[in-house]
Amino acid sequence: MKKLLIALLILATLLCGCVQSGQELTLPSTEWTGIGGTSEPTNGLITEPSPEPTVEPTIEPTVEPTAEPTQDPTEDSTTTTTPPIPETDPYVGMTKAEFYTDYTPATSYMDAYYRSQHGFLSGSLEVPEQDATVSDYQPMEGNRYIRNTEAKYLDNGNTYVVVDANGKEVMRIYKAGGYITLEEVAAYMYAFGGKDGSIPANYTTKKSTKPQNSIWGEYLRLNHTYFSGDTSKYPYEPVLPNISGCGGSLQYYEMDIGTTGTVTPGNYEVAPYNNGSKIVRGAARLVYARQDLNHNGLYEENEIFVFYTHNHYNDFREYLNYYGGWGEIFGNVTGGGEYSSKYNCNPTPYVPTAYRDFF
């Protein structure tokens, strides 16, 4: 106890001396290991580690997503509405007079299909004139007309989109529909025809069929037969591209185009094609080939040709796969030959076209 008192007196004496002299009393230092293993001097005092500064999270401003512009689900941007597709036959019990009152063309493949079951047309009712109506504007590449090589199908290949010279949709052609105009039948055969293909529903291969015996009546069209193009038998005919009748590989077919009347020289009755009781076939024909020569499942440019002859195979124009698109006329009368003459004939050759997609 005595020793303890002596030690306290010595310590007090030292403290008083330091205060008077202004010296700092240094005590033995210790270390404290803080959170995360950080060592900081404490001068012998155990203190709480300084807390990490609290950082408020930055809240990004909420940005509403910009809505993409909506577009009609059809493949062609020029079409704004899609008519409803009938699920059942809407023409059951409908008379011909009722159907053609306030007539409108078919609006879908199924609509065209149902119409054909009753002998009702899907396309225009206007009977074409004998000469093809050519578009005022026809694209050219150099001195050649351009054939549109884009084939635009919808509805699993049952609908074909027909465009104009600018690539804008003009109409749609439906497989199994009935058609009578040159533009519609040409587009149909370009899209669906061929050796194993389809023909418009109102056409028949039986040339003896009478209008009154057909559900199609005045809209019945005859003939869909093989066209040889054999110029050894018919020297006034021009040679069509790669035609089998002249040693080529393409098999061509012909079919009637019913017009308002034939004004071509020859023994043709000047009368409408079909007046409902009688058919006068006239001189207008569509001649076409559509054949998969290399068997690759595709129809390439040199495997599809559609031609129109207004004067019974003397002269031809190529269909260029757009509305009003008809190539340069070539053939016998164009070359100065005598109509259908085997002796005084001068058929000019086929005028090739350039190929280009319009879309």
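Residues numbered from 1 in each chain as written. Predicted model: local features only at pLDDT ≥ 70, side-chain atom pairs only at ≥ 80, totals over all residues. Heavy atoms only, no water.

Enquirer: Describe in detail the sheet that holds strand 10 (residues 224–227), supporting the description with residues and values.
Expert: Sheet architecture is open: six strands sit in the order 10-11-12-13-14-15, paired in antiparallel fashion. Because the sheet does not close on itself, it has two edges, and the strands there are strand 10 and strand 15 (330–331). Here strand 12 (residues 285–290) runs beside strand 13 (residues 304–309); their pairing, made up of six bridges, is antiparallel. Bridged to A289 within strand 13 is F305. Set on the sheet, helix 4 (residues 182–192) makes contact with strand 10, strand 11 (252–256), strand 12 and strand 13; between it and strand 12 the angle comes to about 15°. (Pairing = 2+ DSSP bridges. Helix = DSSP H or I, 4+ residues; strand = E, 2+ residues; numbered from the N terminus. Contact = heavy atoms within 4.5 Å. Axes fitted to C-alpha atoms, helices over the stretch in contact; angles between N-to-C directions.)

Enquirer: So, the sheet that holds strand 5 (residues 153–154): which residues are in play, and what are the values?
Expert: Strand order across the open sheet formed by three strands is 5-6-7, with antiparallel pairing between neighbours. Either end of the sheet is taken by a strand with one partner, and the two such strands are strand 5 and strand 7 (169–174). Contacts from helix 4 reach strand 5, strand 6 (159–163) and strand 7, with the element oriented near 65° to strand 7.

Enquirer: An account of unusual backbone geometry is needed here, citing residue identities and associated values.
Expert: Notably, H295 is not glycine yet its phi reads approximately 55°, a positive angle. With respect to the secondary-structure elements, H295 resides in the loop between strand 12 and strand 13. Classification of H295 as exposed rests on a relative accessible area of 70%. Of note in the backbone geometry, Y313 takes a positive phi value of approximately 75° without being a glycine. Following the sequence through the fold, Y313 ends up in the loop between strand 13 and strand 14 (315–318). Judged by its relative accessible area of 7%, Y313 is buried. (Buried < 20%, exposed > 50% of the residue type's maximum accessible area, 1.4 Å probe, protein only.)

Enquirer: Give a description of the packing of aromatic side chains that names residues and reports values.
Expert: Under the counting rule described, the total for this entry stands at 28 aromatic pairs. Residues F307 and F330 carry aromatic rings whose centres are separated by 6.0 Å and whose planes lie at 80° to one another, so their mutual orientation is edge-to-face. Here F307, found in strand 13, pairs with F330, found in strand 15; they are 23 residues apart in sequence, far enough to count as distant. Side by side, F307 and F330 carry an identical accessibility label, which is buried. Among the aromatic side chains, those forming a connected cluster through ring pairs are Y91, F99, Y100, Y103, F120 and Y219. (Phe/Tyr/Trp six-rings, centres within 6.5 Å; stacked < 30°, edge-to-face > 60°.)

Enquirer: Before we move on, could you go through helix 3 (residues 109–117) and cite the residues and values that matter?
Expert: Residues of helix 3 that are buried: D111, A112, Y114, R115 and S116. Buried positions along helix 3 lie against helix 2 (96–100) and strand 7. Positioned one or two residues after helix 3, G119 has a phi angle of 75°, which is positive.

Enquirer: I'd like a rundown of the confidence of the model for the protein, residues and numbers included.
Expert: Regions with low pLDDT should not have their predicted coordinates read in detail. A residue-level look at the protein finds 76% of positions with pLDDT of 70 or above and a mean pLDDT of 82. Counted against residues more than four places away or in other chains, residues 12–80, with its pLDDT under 50, gives 34 contacts. (pLDDT = per-residue confidence, 0-100.)

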